[in-house]
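These are the residues of each chain, in order.
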Amino acid sequence: MSTAPTEAPLSPNVTDASLYLDGIPYDRFAEMRATPGLVWHDYHDGGFWAVTRHADVRTMSRDAEVFSSAVGHTNLWDLEADALEARRSLIDTDSPDHTRLRRLVARAFTPKNIRRWEDTVRVITAELLDEFVEKGQGDFVAEVAAPLPIRVILTMLGVPVEDAGYLVELSNFLVEGTGETQSIPPDAFGNTTELRLLPFNSPASHALFEYGEKMGEMRRNDPQDDLVTSLVQAEAEDGDRLSGSEYRNLFHLLVFAGNETTRTALSHGAMALADHPDQWQRVLDDPSLIESATEEVLRWSSPVMHMRRTTTKEVELAGTTLGAGEKVVMWYSSANRDDAVFDDPFAFDVGRQDNAHFSFGGGGPHLCLGAYLARLEIIVLLEEMAKRKLHLTRLGEPVRAPSNFVHGVLSVDMAVEARA
Amino acid sequence: MMVRIQVNQESCIGSGQCEMLEEETFVLDDDTGISQVVGTGLLPADRAEKVIDMCPGRAISLTET
Ligand code: HEM
């Protein structure tokens, strides 16, 4: 194990959750990007190397053999071995497990196949927007950004409409589990599992596992054209293609992974359009900009601010030598503002070309499974807003999530108006 | 200049990036979801470079020769 350099050029702190209450501390990241090599960052249970430049995040993302997702944890803190095992899902595996699990779900999410959900996304989006317009103002997160992604993924999984409310509720408790406090007791939903063995330490995870199992059972007996059916069929074909624990955790990941993230992108997107009316006018004048505007919303919002890897052997990155078994953290929020790659990175430009943002990761095997679904949701929202000539105005400052992980917006009051 | 590409079926994760970028050259197999080269596998060098770069499984490469 190597130790912190003795003459650390700066003593960075980008992990205090409270720093994020005013937004991402971009100045601290700029300082780290300008520092040669990697920057050592102290952390409660052992420090990590901070990777802040676009080029270095890219190199690291693409070398999954050296930078492992299966060791330690993909979040900043280590999990005990039994907890890591119980909670392990696609996101915390390396190949060959990763390749096997990913292939089971990959098909439904390819750029080509995701298009088949366009009408579903459009119907849900139109309904939410029309209700919002009718009210004239309200919290954009609660009215549009939160319900849109969860309704879409539940439809894809095949969750019956009458159960959607229950799963939305569970998902909201999980969001809470990523913060500091939980409002539900450990034995909520009949949970008897130790919380540290559950994703997000949340009893809601137990309920979600149970629901997933019940639904899997139903689909095993009565297959439908949905994602849960394709998962249980993969399980049935050959006992060891998908274990019970893998199914549970994959169902959980699919329900959860796209929610807080897409909600964050949509919320920051709406705020950016309200704050830059000239940019929204460009989109209204030329809807062919919606595709580049979507990429810019993704770059601008950096919904997932970092992911962690652990080295499997000694390796050099950006001139710094790392030992085996060290924590290394890729800061996408920093890479997305790196002026070595982006001209004028702090300008919100809906026409930005060659927008190589890392909001879905830096391009390795863990590249976001839902990237084209999330893109579809943003594209359809912009299209439906443009069609209605909607203009958003802010009624106040957003309430931000105290999190160094998800760039979350808890609420933001906005007025909405259709202008001819 | 034209170059020839190949897919390593072991490391393909079935993301479909290649199929999106070069639909004449790559097709995901209906059964396995794994990418396959159709036709000659020849691409202009710059487009080959792009599709190689975009593959999350690092499964596409130039063939020898
Ligand atoms: C704007 C919205 C989204 C953002 C910013 C986002 C971001 C990310 C990032 C950064 C990763 C990489 C994790 C890593 O490298 O360790 C990831 C992985 C993943 N995302 Fe997303 N995501 C979004 C939407 C979605 C949606 C809609 C789904 C729906 C299914 C989803 C499902 C997943 C899954 C399953 C993984 C794990 C992939 C793997 O490990 O192979 N995401 N996401």
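Residues numbered from 1 in each chain as written. Chains lettered and ligands numbered in written order. Predicted model: local features only at pLDDT ≥ 70, side-chain atom pairs only at ≥ 80, totals over all residues. Heavy atoms only, no water.

1. Let's talk about the overall build of chain A
The helix and strand inventory of chain A stands at 17 helices and 12 strands. A compact globule built from 420 residues would reach a C-alpha radius of gyration of about 22 Å, and chain A, at 21 Å, matches this within 12%. In terms of overall dimensions, chain A has C-alpha extents of about 60 × 55 × 40 Å along its principal axes. Across the 420 residues in chain A, those meeting the buried criterion constitute 59%. Considering only contacts in chain A between residues 6 or more positions apart, those separated by 24 or more positions represent 70%. For chain A, the exposed area adds up to about 17,500 Å²; of that, 50% sits on carbon and sulfur atoms. The positive charge centre, built from 39 side chains, and the negative charge centre, built from 66, are 4 Å apart in chain A. (Helix = DSSP H or I, 4+ residues; strand = E, 2+ residues; numbered from the N terminus. Rg over C-alpha atoms; globule rule 2.2 N^0.38 Å. Buried < 20%, exposed > 50% of the residue type's maximum accessible area, 1.4 Å probe, protein only. Contact = heavy atoms within 4.5 Å. Areas by Shrake-Rupley, 256 points an atom, 1.4 Å probe, with all protein chains shown as cover. Lys, Arg positive; Asp, Glu negative; His and termini not counted. Charge placed at Lys NZ, Arg CZ, Asp CG, Glu CD.)

2. Side note on the overall build of chain B
For chain B, the count of helices and strands is 2 helices and 5 strands. When the helices and strands of chain B are read in sequence order from the N terminus, they spell out β-α-β-β-β-α-β. For 65 residues, the compact-globule formula gives about 11 Å, and the C-alpha radius of gyration of chain B, at 11 Å, lands near that figure. When the backbone C-alpha atoms are referred to their principal axes, chain B occupies close to 35 × 20 × 20 Å. Counting all 65 residues of chain B, 42% fall into the buried class. Across chain B, contacts joining residues at least 24 apart in sequence account for 60% of those joining residues at least 6 apart. When the accessible surface of chain B is totalled, it reaches about 3,700 Å², and 49% of it is carbon and sulfur. Here chain B carries 4 positive and 12 negative side-chain charges, and the mean point of each set is 8 Å from the other.

3. Let's talk about the layout of surface pockets
All names here are of chain A. Taken as a whole, the second largest pocket holds about 1,200 Å³ of empty space. A per-element tally of the lining of the second largest pocket places helix H17 (residues 371-387) first, with 6 residues. Here the lining of the second largest pocket is built from residues that sort into 15 nonpolar, 10 polar and 11 charged. (1 Å grid on protein atoms, 1.4 Å probe; cavity = no way out; pocket = protein on both sides within 12 Å on 5 of 7 lines; lining within 4 Å. Points joined across faces, edges and corners; volume = space filled by probe spheres on them. Nonpolar A, V, L, I, M, F, W, Y, C, P; charged D, E, K, R; others polar.)

4. Considerations on the site of the ligand
Residues and elements named next belong to chain A. What surrounds the ligand is a group of 28 residues, the closest being His98, Arg102, Arg309, His366 and Cys368. Interatomic distance of 2.6 Å between a side-chain N/O atom of His366 and an oxygen atom of the ligand. Looking at the shell around the ligand, the elements that each hand over two or more residues are helix H4 (97-106), helix H12 (244-257), helix H13 (259-275), strand S5 (306-311) and H17. When its residues are assigned to classes, the shell around the ligand shows 18 nonpolar, 8 polar and 2 charged. (Near = heavy atom within 4 Å. Polar contact = N/O pair within 3.5 Å; in protein donor to acceptor, adjacent residues only side chain to side chain.)

5. Considering helix H6 (residues 118-135) of chain A
Residues and elements named next belong to chain A. Between the first and last C-alpha of H6 there are 26 Å, a value that for 18 residues agrees with the 26 Å anticipated at 1.5 Å per step. By the burial criterion, the buried members of H6 are Glu118, Val121, Arg122, Ile124, Thr125, Ala126, Leu128, Leu129 and Phe132. Looking one or two residues past H6, Gly136 carries a phi angle of roughly 85 degrees, positive in sign. (Expected span 1.5 Å × (residues − 1).)

6. Structural notes on the nonpolar core
Residues and elements named next belong to chain A. Counting residues in hydrophobic clusters, the biggest one holds 89 residues, and the most contacted among them are Phe109, Phe140, Met156, Leu157, Phe251, Leu392 and Met414. At 12 residues, H17 tops the list of elements feeding residues into this core. When residues no more than four places from it in sequence are discounted, the contact partners of Leu157 are Met215, Asp226, Leu227, Val228, Phe251, Leu254 and Val255. Membership of the second largest hydrophobic core comes to 18 residues, among which are Val51, Val315, Met330 and Phe358. (Core = buried A, V, L, I, M, F, W, Y, C linked by side-chain atoms within 4.5 Å.)

7. Focus on the packing of aromatic side chains
What characterises a pair of aromatic rings is the spacing of the ring centres plus the angle enclosed by the ring planes. Residue and element names in this part refer to chain A. If you walk through the whole model with that rule in mind, you get 13 aromatic pairs over all chains. Between the aromatic rings of Tyr166 and Tyr211, the centroid separation amounts to 6.4 Å while the plane-to-plane angle is 55 degrees, which identifies the pairing as tilted. Taken together, the residues Tyr166 in helix H9 (residues 161-177) and Tyr211 in helix H10 (residues 203-221) connect sequence positions 45 residues apart. With relative accessibility at 33%, the residue Tyr166 sits in the partly exposed group. Site record: aromatic cluster; members linked through ring pairs are Tyr166, Phe173, Phe189, Tyr211, Tyr247 and Phe251. Lying over the aromatic face of Phe209, Arg248 brings its terminal NZ or CZ to 5.4 Å of the ring centre. (Phe/Tyr/Trp six-rings, centres within 6.5 Å; stacked < 30°, edge-to-face > 60°. Lys NZ or Arg CZ within 6 Å of the ring centre and 35° of its normal.)

8. Describing the confidence of the model for chain A
Taken residue by residue, chain A gives an average pLDDT of 92. The fraction at 70 or more is 95%. This model gives residues 1-8 of chain A a pLDDT under 50, and the stretch forms 11 contacts once residues within four places in sequence are excluded. (pLDDT = per-residue confidence, 0-100.)

9. Re the interface of chain A and chain B
Contacts between the two partners involve 16 residues from chain A and, on the opposite side, 22 residues from chain B. Across the chain A/chain B interface, buried area totals approximately 1,400 Å², and carbon plus sulfur atoms make up 48% of it. The largest share of the area that chain A buries against chain B comes from Arg62, Arg103 and Arg107 of chain A, three residues that together contribute 38% of it. Where chain A meets chain B, there are 3 salt bridges. Notably, a salt bridge pairs Arg58 of chain A with Asp53 of chain B, separated by 2.7 Å at the nearest N-O pair. Between the two partners, chain A and chain B, sit 8 residue pairs in polar contact (both at pLDDT 80 or more). Looking at the side of chain A that touches chain B, the elements that each hand over two or more residues are H4 and helix H5 (111-114) of chain A. (Buried area = accessible area lost by both parts, 1.4 Å probe. Salt bridge = Lys/Arg side-chain N within 4 Å of Asp/Glu carboxyl O.)

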